[in-house]
Amino acid sequence: MTRTGGRVTAASAATLLLLCALVGLGGPAHAAAYRYWSFWDRGANGSGWVYATQGPSTARPSDGDVQGFRFAVSEDSDDAAEPRGAARFDAICSGTAARDGQKRIALVLDFGTAVDAPTGETPPPARTACARVPSDATTADALAAVAKPLRYDTNALLCSIAGYPRKGCGEAIADDGPDASDTSGASDDSAASDNARTSDEKGPSVGLFVGVGAVAVLGAAAVWQARRRRRA
């Protein structure tokens, strides 16, 4: 009887451990996302956008370079949305003549979508600009030449280009809404977020119920085994 009782106790312990694990995994955690201006370099020969490895205040592009900025909500550089639209230096800077001691930087400014926008703000249309600046100028200098007013925080983080957005700077938001890089232009942030909230916020997940059911089956099997051994 002692041996049988020990088996029942072990089975019950295993059942409780499995239940705890399943309950712990039942509610998925939401990763933090941030609303900010990301900074991009155009790859060699216009091959595509590459997330910049320096900030605009330290990067020193060369004459003929193309750089881009995109306002969006993302978790990190791997998740960041690229600037949209054409990005060819010869097209953006075709009307800006070269000068000695200066360089021309083609800039693509993508203000994002309505889904990306802070509450109460509307993103301006995307645009391009050709900045002609001194040869030792940084990207921030080029940006200041063609897209004022700029706004920075106390840590020199770029918060606003051409006055957009009016407030906020890299704030964290709950990443439970629609895809931040969505280009559909949805205009109602609150409605979109409400639609995106499914059972993971309004109640236990389906996976949790399935897990609890599996635990119940294991528990019933353990009790049946114990009773069978007692009768034996």
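The structure under discussion appears in the preceding block.
Conventions and cut-offs
Residues numbered from 1 in each chain as written. Predicted model: local features only at pLDDT ≥ 70, side-chain atom pairs only at ≥ 80, totals over all residues. Heavy atoms only, no water. Phe/Tyr/Trp six-rings, centres within 6.5 Å; stacked < 30°, edge-to-face > 60°. Helix = DSSP H or I, 4+ residues; strand = E, 2+ residues; numbered from the N terminus. Buried < 20%, exposed > 50% of the residue type's maximum accessible area, 1.4 Å probe, protein only. Lys NZ or Arg CZ within 6 Å of the ring centre and 35° of its normal. Contact = heavy atoms within 4.5 Å. Patch = residues over 30% accessible without salt bridge, like charges linked within 9 Å, V, L, I, M, F, W, Y side chains within 5 Å. Areas by Shrake-Rupley, 256 points an atom, 1.4 Å probe, with all protein chains shown as cover. Salt bridge = Lys/Arg side-chain N within 4 Å of Asp/Glu carboxyl O. Lys, Arg positive; Asp, Glu negative; His and termini not counted. Charge placed at Lys NZ, Arg CZ, Asp CG, Glu CD. Core = buried A, V, L, I, M, F, W, Y, C linked by side-chain atoms within 4.5 Å. Pairing = 2+ DSSP bridges.

(A) Representation of the packing of aromatic side chains in the model. Counting across every chain of the model gives six aromatic pairs. The interplanar angle of 15° and the centroid separation of 4.9 Å between the aromatic rings of Phe39 and Phe69 together place this pair among those described as stacked. Here Phe39, found in strand β1 (residues 32-42), pairs with Phe69, found in strand β3 (residues 66-74); they are 30 residues apart in sequence, far enough to count as distant. Judged by its relative accessible area of 1%, Phe69 is buried. Between Phe71 and Tyr164 the ring centres are 5.3 Å apart and the planes differ by 75°, which places this aromatic pair in the edge-to-face class. Separated by 93 residues along the polypeptide, Phe71 in strand β3 and Tyr164 in the loop between β7 (158-160) and β8 (172-174) bring together distant segments of the chain. Judged by its relative accessible area of 2%, Phe71 falls in the buried class. Aromatic ring contacts, followed pair by pair, group Trp37, Phe71, Phe111 and Tyr164 into a single cluster. When the ring centre of Trp49 is taken as reference, the NZ or CZ atom of Arg42 above it lies at 5.0 Å.

(B) Spatial organisation of unusual backbone geometry. In this structure, Pro149 follows Lys148 across a cis peptide bond, with omega equal to 0°. Among the secondary structure elements, Pro149 is positioned in the loop between α3 (139-146) and β6 (151-152). Of the consecutive residues Tyr164 and Pro165, the connecting peptide bond is found in the cis state with omega at -10°. You can see Pro165 is positioned in the loop between β7 and β8. Its identity as a non-glycine residue notwithstanding, Ala156 has a phi of 65°, on the positive side. Looking at the element boundaries, Ala156 is found in the loop between β6 and β7.

(C) Examining the side chain of Arg35 more closely. Structurally, the position occupied by Arg35 is in strand β1. Taking the relative accessible area as the measure of exposure, Arg35 reaches 14% and is therefore buried. Setting aside its immediate chain neighbours within four residues, Arg35 contacts Phe71, Ala72, Val73, Asp116, Ala117, Pro118, Cys169, Gly170, Glu171 and Ile173.

(D) Geometry of a negative patch on the surface. Negative charge collects at one region of the surface, where Glu75, Asp76, Asp78 and Asp79 lie side by side. Structurally, Asp76 is set in the loop between β3 and α2 (89-92).

(E) The arrangement of the nonpolar core in detail. Grouped together as the largest cluster of nonpolar side chains are 20 residues, with contacts concentrated most on Trp37, Phe69, Leu107, Leu109, Leu143 and Ile161. When residues of this core are assigned to their parent elements, the largest contribution, three residues, is made by strand β4 (residues 102-110). What Leu107 contacts, discounting residues up to four positions off in sequence, is Gln67, Phe69, Ile92, Arg127, Thr128, Ala129, Ala131, Ala142, Leu143 and Val146. The next biggest cluster of nonpolar side chains, apart from the first, holds twelve residues, and it includes Tyr36, Trp40, Ala87 and Ala106.

(F) Geometry of the pairing of β3. Counting buried positions over the nine residues of β3 gives nine, a clear majority of the element. The alternating pattern of β3 places Val66, Gly68, Arg70, Ala72 and Ser74 and Gln67, Phe69, Phe71 and Val73 on opposite faces, both of which are buried. Note that β1 and β3 share eight bridges and pair antiparallel. Across the sheet, the residue bridging to Trp37 is Phe71, located in β3. Taken together, the five bridges between β3 and β4 define a ladder with parallel strand orientation. The partner of Phe69 across the bridge, within β4, is Leu109.

Keep in mind that these numbers describe shape and distance, not what the molecule does.
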